[in-house]
Amino acid sequence: MTVNDVLITHILFHPTGAIFEQNAIRDDEVFQLAISDLSLNDDILQSERITHSIKLIEPNNPFQAVQEACELMNQGILALVSSTGCAAANALQSLTDAMHIPHLFIQRNGDGTPRAECQLNPSPDGERYTLAARPPVRLNDVMITLVSELRWQKFIVFYDSEYDVRGLRGFLDQASRMGLDVSLQQVDRNVTKVFSTLFSTMRMEELNHYRDTLRRAILLLSPRTAQVFIHQAVETNLASKDSHWVYANEEVSDTEIMELVHSALGRMTVIRQIFPLWRDTNIRCIRNNHRISSLLCDPQEGYLQSLEVSSLYLYDSVLMLANAFYRKLEDRKWHSMASLNCMRKSTKPWNGGCHFTIHLTYGRISGLTGLMDFRSNGANSHVQFEILGTSYSETFGKDVKRLATWDSDRGLNGSLRENRAEHGMQGITLKVVTLLEEPFVMVAENILGQPKRYKGFSIDVLDALAKILGFKYEMYQVADGKYGSPQANGSWNGMIGELIGKRADVAISAITITPERENVVDFSKRYLDYSVGILMTKTEERLNIFSLLAPFDLAVWACIAAAIPVVGVMVFLLRRVQSVRTQNPPGPHQPAPVTTSFQSAIWIVYGAFVQQGGESFMSSMALRIAMGSWWLFTLIVCSSYTANLAAYLTVSRMDNAVRTFQDLSKQTELSYGTVRDSAVFEYFRVKGTNPLEQDSTFAELWRTINKNQGQDNSVTSPAEGILVYGHLSLENFVILCLFFPP
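Criteria and thresholds
- Residues numbered from 1 in each chain as written.
- Predicted model: local features only at pLDDT ≥ 70, side-chain atom pairs only at ≥ 80, totals over all residues.
- Heavy atoms only, no water.
- UniProt positions renumbered as here; feature names shortened; annotations may be inferred.
- Pairing = 2+ DSSP bridges.
- Helix = DSSP H or I, 4+ residues; strand = E, 2+ residues; numbered from the N terminus.
- Axes fitted to C-alpha atoms, helices over the stretch in contact; angles between N-to-C directions.
- Contact = heavy atoms within 4.5 Å.
- Parallel < 35°, antiparallel > 145°, perpendicular 65-115°, else oblique.
- Left-handed = near helix turned anticlockwise from the far one by under 90°.
- Nonpolar A, V, L, I, M, F, W, Y, C, P; charged D, E, K, R; others polar.
- Phe/Tyr/Trp six-rings, centres within 6.5 Å; stacked < 30°, edge-to-face > 60°.
- Buried < 20%, exposed > 50% of the residue type's maximum accessible area, 1.4 Å probe, protein only.
- Disulfide = S-S within 2.5 Å.

Per an unreviewed UniProt entry, the recorded name for the chain is Glutamate receptor, and the organism is Cyprinus carpio. Under Sequence similarities (unreviewed entry), UniProt gives the following word-for-word description of the chain: "Belongs to the glutamate-gated ion channel (TC 1.A.10.1) family. GRID2 subfamily."

Now the structure itself:
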């Protein structure tokens, strides 16, 4: 060949079809960018070029997807690439299986919600033509590994309303086999409404239990929804500093992670998918010792970092297609492409589709997402996650670092278990402030000249900690005898003030965890639930021998007492009249006449009244009418007495019955108060002064409790309310207190 000869190279074109959703603007751009980059890379395609035809469809429209695919097949394509949702993917799978067209499918999830795996239909003849370029969802495996490492036994999973909860089936099955207690709760798009519903439907005790449940949670939400959810949980004081939340999403950026971490109040762990080859620009951007001019290789543009995960797999799918084209030409088993008509029943499938799919299945490339092959049931199985998190420190919730990684081949690489301090406080002496409250902290028997000794439940816990960690402590009682509440100048009194002022290292007592206190000090985990209760002086039972007369008024008893002799006189007179009329001697079959004295008549009437009977001979009609009327009268009186006696005994037991706060606010006979500067005092202040509180009960309670700045009705300690007022026998005084912590 001379220099004047012209070298003519035959270029082979590979027509490829693509179907993308209309809202996926970057997919069209990335697909064309990948084809353009192939022309700059002679390692894969030398004398071949890929031509393409792109169709856009509406999201979740499988009918349109099939229509556009049929049009592409009619034009003539060797392969189909799609980036759609699950509905369109299933429709395209049925079509490509029937026409034997290789189909590379990239699952798309554009709203930011964590992805749930598409359940593709099994091929009827066993031949698979749809290959999943994006790996199956492995978040379940990562999450079950994480909760196992963290030794969680009970937690709640919050999932987005757009998330397909069926994707959690495998996770819940594994959790059930491990004996874990898992709760599920859906989070609507209107997150604020979710929390407002909680406060309108739950009582205080239920909110406390729900707050305890929130200490361990997994969030399967979009980044935006997760940020609003965390913000609302913190604002409503349902989140605590000892909480640990796990946010799991394949697609979450560095900026979104920092926003989540800064919004959270407790510990935050983030699970996301990573692609280590992103930063290996020498492999991606250098060809034949010179840099190729692709947008992916311009570090100033940051184009690669702005792409969605589905776009990255789309780019690598084009590389996989090019690799299969090259390998098929190399083994000289090429089949020409003929146009296919989906509408004709006589249309036969492409006879080269099976061989081309085999080349795709057994091919392997290294692209932007790492290794890609379809040897695992027609799906790309290579995936890697990183687990980022915060830990307890002075800059709590601000520092994010990589804790571990997880990949589909080796599993977890690293440890997520919390480091526990053991024997790390040897030789340290802590100053401990306390407040006496039985049975948590009490004064033990002290020896003269020796420091005060204490006992109680909280002291036992402190001694156990000191033994495990190796520290010593010096304990003293707080001077003002208060637990701690904010003052007008912004300072705190009581034990909280001692901690803030660095005069004490630890405070231990039956102190209540409140949102205001949590903002300035750290609490241990709650070990006892409580509720606000009403404490009243027990009513003395007084014996009254005349209580049996209470059902009837005195006038009624007087009338009854007068009726007995009156009726007795009437019976006496009627018997005398009867005896006068029967002066003749009795016959052989006639009874002897009976004479009745006045005393016996009275006895007969009284016996009938108390329903005990008595001897009576009522041979005349007049006596029968008189005694019958008396018996009816006694029946009515006795029945009324029995009913009134039962009602009287029942009502007497319900005297001074105050069961609820509503009962207490509506009555005026009882005065009531609580311990000043306590959690209950602050609770009623907040509820009673809240303008949004629809119920006026707490406003009325607060007016009475805070009468004269709390000096009239409230006390300085529970002991004062119980002992002092008890000794003074103030039966009309009520103490509002916590059961059990104050």
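After that view, the rundown keeps rolling.
A. Local environment of the sheet that holds strand β9 (residues 244-248). Sheet architecture is open: eight strands sit in the order β7-β6-β8-β9-β10-β15-β16-β17, paired in mixed fashion. One side of each edge strand has no neighbouring strand; the edge strands of this open sheet are β7 (181-187) and β17 (411-414). The sheet shows a mean angle of 20° between the axes of neighbouring strands, taken without regard to direction. Sheet topology places strand β16 (residues 401-407) next to β17; four bridges connect them, and they run antiparallel. Paired with Asp407 across the strands is Gly411, a residue of β17. Lying on the sheet, helix α5 (residues 169-177) is in contact with β6 (154-160), β7 and β8 (216-220); it crosses β7 at an angle near 155°.

B. Spotlight on the packing of helix α20 (residues 679-688) against helix α21 (residues 697-705). Following both chains from N to C, one finds α20 and α21 inclined at 130°, their axes separated by 8 Å at the closest point. When the interaxial angle is binned, α20 and α21 end up oblique. Considering only the axes of α20 and α21, their crossing is left-handed. Listed contacts from α21 to Phe681, Tyr683, Phe684, Arg685, Lys687 and Gly688 of α20 are Phe698, Ala699, Leu701, Trp702 and Ile705. Its residues placed into classes, the contact of α20 with α21 shows eight nonpolar, one polar and two charged.

C. Highlighting the packing of aromatic side chains. The full count for this structure, using the stated rule, is 11 aromatic pairs. Plain terms: the ring middles of Phe325 and Phe356 are 5.0 Å apart, the flat faces sit at 15° to each other, and that makes the pair stacked. Taken as a pair, Phe325 in helix α11 (residues 309-330) and Phe356 in helix α12 (residues 353-361) lie far apart in primary sequence, 31 residues in all. Phe356 shares its class with Phe325; the two are buried. Aromatic rings pair up to connect Trp152, Phe155 and Phe171 into one cluster.

D. Layout of the state of the cysteines. The tally for this structure, following the rule as stated, stands at one disulfide. Note on cysteine connectivity: Cys86 is disulfide-linked to Cys118, with sulfurs 1.8 Å apart. The sign of the -80° torsion about the S-S bond sets the Cys86-Cys118 disulfide as left-handed. Here Cys118 lies in the loop between β4 (103-107) and β5 (130-132) and Cys86 lies in helix α3 (residues 86-99), a separation of 32 residues in the sequence. Since its relative accessible area comes to 27%, Cys86 is described here as partly exposed.

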